[in-house]
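Remarks on the overall topology
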Amino acid sequence: MESLFIILIGFAVIIFYDIICSVLSRVLNFEYVWFAFGSFIIYGIIAIYLKLQGNFVSAIIGCFIIGVFDTTVGLTIARLFKAKISDQDKELVKITPMLILQMGVIASIVGAISIIAFI
């Protein structure tokens with residue numbers, strides 16, 4: 001049950017982060033895609049908390065879910081808040097099943113590295 005709560009907190013953090021980054025990218029005329037590094041930090045922190053509440057496998061699965069959420073909801077938020085995304089990058093960040101899978105896997109890898117490095 002604690003893991004579900006941590007994942008829900010992760011969803012809220014992702015939403016807040018994507019709103020802030022979308023607005024900042026537009027206002028400061030800065031490419032939105034450069035804020036991806038912050039998402040990786042969020043994945044790592046969520047992984048550590050999930051591992052502390054459960055086991056390695058459940059933490060990696062939780063990170064996958066967070067990555068999928070970030071890809072779908074996060075990119076939707078970026079579009080709604082008119083984040084600055086270049087025409088070239090719009091093709092890269094188009095929500096597709098492949099991108100969703102890739103980001104879930106990347107989030108899992110970042111989570112695994114964070115767990116190994118910090119726990």
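Criteria and thresholds
Residues numbered from 1 in each chain as written. Predicted model: local features only at pLDDT ≥ 70, side-chain atom pairs only at ≥ 80, totals over all residues. Heavy atoms only, no water. Axes fitted to C-alpha atoms, helices over the stretch in contact; angles between N-to-C directions. Helix = DSSP H or I, 4+ residues; strand = E, 2+ residues; numbered from the N terminus. Parallel < 35°, antiparallel > 145°, perpendicular 65-115°, else oblique. Left-handed = near helix turned anticlockwise from the far one by under 90°. Contact = heavy atoms within 4.5 Å. 1 Å grid on protein atoms, 1.4 Å probe; cavity = no way out; pocket = protein on both sides within 12 Å on 5 of 7 lines; lining within 4 Å. Points joined across faces, edges and corners; volume = space filled by probe spheres on them. Core = buried A, V, L, I, M, F, W, Y, C linked by side-chain atoms within 4.5 Å. Buried < 20%, exposed > 50% of the residue type's maximum accessible area, 1.4 Å probe, protein only. Phe/Tyr/Trp six-rings, centres within 6.5 Å; stacked < 30°, edge-to-face > 60°.

1. Some details on the packing of helix H2 (residues 36-53) against helix H3 (residues 56-80)
With their axes 8 Å apart at the nearest point, H2 and H3 run at an angle of 150 degrees to one another. As far as their axial angle goes, H3 and H2 are roughly antiparallel. Crossing of H2 over H3 shows right-handed handedness. Contacts between H2 and H3 involve Ser39, Tyr43, Ile46, Ala47, Leu50 and Lys51 from the former and Phe56, Ala59, Gly62, Cys63, Ile66, Gly67 and Asp70 from the latter.

2. Some points on the layout of surface pockets
Any empty space left between the atoms is revealed when a probe the size of a water molecule rolls over them. The calculated volume of the largest pocket comes to roughly 380 Å³. Lining the largest pocket are 19 residues; nearest its centre among them are Tyr32, Ala36, Leu75, Val93 and Met103. Those elements that place two or more of their residues in the lining of the largest pocket are helix H1 (2-27), H2, H3, helix H4 (87-92) and helix H5 (97-118).

3. A look at the nonpolar core
Counting 29 residues, the largest nonpolar core has Ile14, Tyr32, Tyr43, Ile46, Leu50, Ile66 and Ile85 as its most contacted members. Looking at which element gives the most residues to this core, the answer is H3, with seven residues. In this structure Ile46 touches Ile6, Gly10 and Ile66, once residues within four positions along its chain are discounted.

4. Observations regarding the environment of Ile60
Turning to its location among the elements, Ile60 is positioned in helix H3. Aside from chain neighbours lying at most four places away, what touches Ile60 is Ser108, Gly111, Ala112 and Ile115.

5. Here we look at unusual backbone geometry
One non-glycine residue with positive phi stands out, namely Asn29, at about 55 degrees. The class of Asn29 is exposed, set by a relative accessible area of 55%. Phi is positive for Lys82, which is not a glycine, with a value near 55 degrees. With respect to the helices, strands and loops of the structure, Lys82 is situated in the loop between H3 and H4.

6. Some thoughts on the packing of aromatic side chains
One pass over the full model with this rule turns up three aromatic pairs. Ring plane angle 15 degrees and centroid distance 4.0 Å describe the contact between Phe11 and Phe69, whose orientation is recorded as stacked. Highlighted residues: Phe11 in helix H1 and Phe69 in helix H3, separated in sequence by 58 residues. When its relative accessible area of 19% is taken as the criterion, Phe11 is described as buried. When the centroid spacing of 5.6 Å and the interplanar angle of 65 degrees are considered together, the rings of Phe30 and Phe35 count as edge-to-face. Owing to a relative accessible area of 40%, Phe30 belongs among the partly exposed residues under this scheme.

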